[in-house]
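Survey of secondary and tertiary structure
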Amino acid sequence: MTKHHSRRPLRAAAIIAIAAVATMGFTAAPAAAANDVLGPGSALYVDPHSTTLEAAAGLSGQARTDAQLLGSFPSATWLTKGTPAEAQAAAHEVTSAAAASGAVPTVVVYNLPYRDCAQYSAGGALDTAAYEAWVDGVAAGIGDAKAAIILEPDGLGIIPWHTDINGNLEWCQPADLDPATAASDRFEQVNHAVDVLTALPNTAVYLDGTHSGWLGVGDISQRLIAGGVEKADGFFLNASNYVQTERLAKYGTWVSDCINLSVNSWYEPSYCGSQYYPASPDDFSTWGKTDAQYAQAYIDTGLTPDPAAQAHFVIDTSRNGVGPWAAPAGWEGDAEVWCNPPDRGAGARPTTDTGNALIDAYLWIKVPGESDGQCYRGTGGPLDPVRGIEDPAAGQWFAQQARELIANAVPAFPATSCQVSYSATKALFGVFAAELRIKNTGTTPINGWTLKWNFAGSEKVVKLVGGKVTQAADAVTVKNSSLTAKIKAGASVPVAFVGSNAKQRVEPWLFTLNGRACASD
């Protein structure tokens, strides 16, 4: 479903000496990032029927608890295939459910022709016309709902038959595409998607900005401008990757500055400093040299940095808590460092409160715990030579990796402090009875609680004992009664109810107590 690798970075051209040029008449562009969808404090959508929680339903023990924990945080919904009508239905389903909960979903639009250059995540629409019709379907499905849209991961990082900023023809050269038009077709496709998705009243649209271990600032800035970033809210970084947030914050700021300088003055993307020059990419202590270069560029052009008017960005923090993985010394061949690397950790939890005027959100674009694919790392397979096992197929749940992401997370996850035991009778004419036992697995008493879960569809709580229940669509909220309010450490309290309209699964995939995920069995 997703691809998560980075290519060998292209070194940006060294800064070019520029003669003094008059700058009168250059003004800042209109605000690129309205930030009215992902403003500070905006609630991000947790899908109660996500693929993560679906995986949890088929697991047991620690693996089940891990999936439930990861599934309790907001992560993206990927739209990757289907007819325009199917894309419309899928987009409508997630955005309408998020709207009903008062939250903003993260929606990944991922269906470009020749996505991933027909490699690990091969697929996508057949041609430009098919892609544009598919995107139109996505837009129709979103309608007036709020959505943060991650537009085509790698869509600008990997472009068929593209010549980079240094004049080098890139590696993606499909034999059945016309070398003369393939790159321009990609920009046409992306621009169409930008146009239709930004025309919606409540979307924040972000284009592929790669990451600081990949393209130089000038190269990706040039591609973003050609892709229509000025019409969008900005760009996204680190999708499905592992680069540390502190590096991405600098890189993203430089990209935003490079776009601002290039669009609004005589400055050109090839002049822009980057992580490769004057900084050294492997020595973060040198990155201040590039900061200084941008400060000088603003003096030279007469422009002033303006976060309100510049392109904003979002960062994928789903797996970057401990940074990238490096292959062992002496490794020969492609180590596929992007593919299910061992001992990684989850990064910052999803939030719109970033403390940085240019960073709209930290998001979990990659669904943490889902496999990147079957990693052979230069061997014939089928085993992953680093892990000694056969990795699950792309998009399938990878319990071992999920455990690593939780165990090595930075910041650390709090320990799960509740467990819900759930049992229900077989439904008869849609009617069923259920019993829950809420156990305090923490070390301190719980004084007052709110338990929440979602049914699969049309189930309804008719009568409940042990608390006070409210229900909105499939979302159930139970507040303690006076008799069940206190749960001592290690103790449990019972709740029972009679339900109706059981047509699908009755057992919920996730319970939360006072906003935190519980283990369940």
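Up top is the structure these notes are about.
Reference entry: report on the structure contained in this document. Only a predicted model underlies this, so the values are computations on that prediction, with no experimental measurement involved.

**Here's the deal with the overall build of the protein chain**
- The helix and strand inventory of the protein chain stands at nine helices and 18 strands.
- Radius of gyration (C-alpha) of the protein chain: 24 Å, near the 24 Å computed for a compact globule of 521 residues.
- The proportion of buried residues among the 521 residues of the protein chain is 54%.
- When contacts within the protein chain are restricted to residue pairs at least 6 apart in sequence, long-range pairs at least 24 apart make up 77% of them.
- Carbon together with sulfur atoms contributes 55% to the accessible area of the protein chain, which is approximately 20,900 Å² in total.

**Some thoughts on the packing of aromatic side chains**
- Counted by the stated rule, this structure contains 16 aromatic pairs.
- Pairing W266 with Y267 gives two aromatic rings, centres 5.7 Å apart and planes at 50°, and the pair type is tilted. Y267 matches W266 in its accessibility class, with the two residues each being buried.
- An angle of 25° between the planes, with centres 5.8 Å apart, marks the rings of W453 and F497 as stacked. In this pair, W453 sits in strand β11 (residues 450–454) while F497 sits in strand β16 (residues 492–500), placing the two residues 44 residues apart along the sequence. Note on accessibility: W453 and F497 belong to one class, buried.

**With respect to the sheet that holds strand β7 (residues 359–363)**
- Strand order in the open sheet made by the seven strands is β1-β2-β3-β4-β5-β6-β7, with parallel pairing throughout. Two strands lie at the open edges of the sheet, namely β1 (77–79) and β7, each paired on one side alone. Taken over all neighbouring pairs, the strand axes of this sheet differ in orientation by 25° on average, direction set aside.
- For strand β2 (residues 106–109) and strand β3 (residues 147–151), the ladder comprises four bridges, and the chain directions are parallel. What sits directly across from T106, in β3, is A148.
- Relative to β1, helix α3 (residues 84–100) is tilted by about 165°, and along the sheet it contacts β1, β2 and β3.

**A look at the packing of helix α5 (residues 182–198) against helix α6 (residues 217–227)**
- Interaxial distance between α5 and α6 falls to 8 Å at its minimum, and their mutual angle equals 60°. Looking at the two axes, α5 sits oblique to α6. Taken together, the residues of α6 that come into contact with α5 (itself represented by F187, V190, N191 and V194) are R223, A226 and G227.
- Here the contact of α5 with α6 is built from residues that sort into four nonpolar, two polar and one charged.

**As for the state of the cysteines**
- Summed over all chains, the structure comprises four disulfides.
- What pairs with C258 in a disulfide is C272, and their sulfur atoms sit 2.1 Å apart. A torsion of 90° about the S-S bond marks the disulfide between C258 and C272 as right-handed. Of this pair, C258 sits in helix α7 (residues 245–264) while C272 sits in the loop between α7 and α8 (288–301); the two residues are 14 residues apart in sequence, bridging distant segments of the chain. As far as the burial class goes, C258 and C272 line up, both buried.
- The disulfide partner of C418 is C518, and the S-S distance across this bridge is 2.0 Å. On the sign convention where negative means left-handed, the S-S torsion of about -100° between C418 and C518 marks this disulfide as left-handed. Of this pair, C418 sits in strand β8 (residues 418–424) while C518 sits in strand β18 (residues 516–520); the two residues are 100 residues apart in sequence, bridging distant segments of the chain.

Quick notes on the rules
- Residues numbered from 1 in each chain as written.
- Predicted model: local features only at pLDDT ≥ 70, side-chain atom pairs only at ≥ 80, totals over all residues.
- Heavy atoms only, no water.
- Helix = DSSP H or I, 4+ residues; strand = E, 2+ residues; numbered from the N terminus.
- Rg over C-alpha atoms; globule rule 2.2 N^0.38 Å.
- Buried < 20%, exposed > 50% of the residue type's maximum accessible area, 1.4 Å probe, protein only.
- Contact = heavy atoms within 4.5 Å.
- Areas by Shrake-Rupley, 256 points an atom, 1.4 Å probe, with all protein chains shown as cover.
- Phe/Tyr/Trp six-rings, centres within 6.5 Å; stacked < 30°, edge-to-face > 60°.
- Pairing = 2+ DSSP bridges.
- Axes fitted to C-alpha atoms, helices over the stretch in contact; angles between N-to-C directions.
- Parallel < 35°, antiparallel > 145°, perpendicular 65-115°, else oblique.
- Nonpolar A, V, L, I, M, F, W, Y, C, P; charged D, E, K, R; others polar.
- Disulfide = S-S within 2.5 Å.

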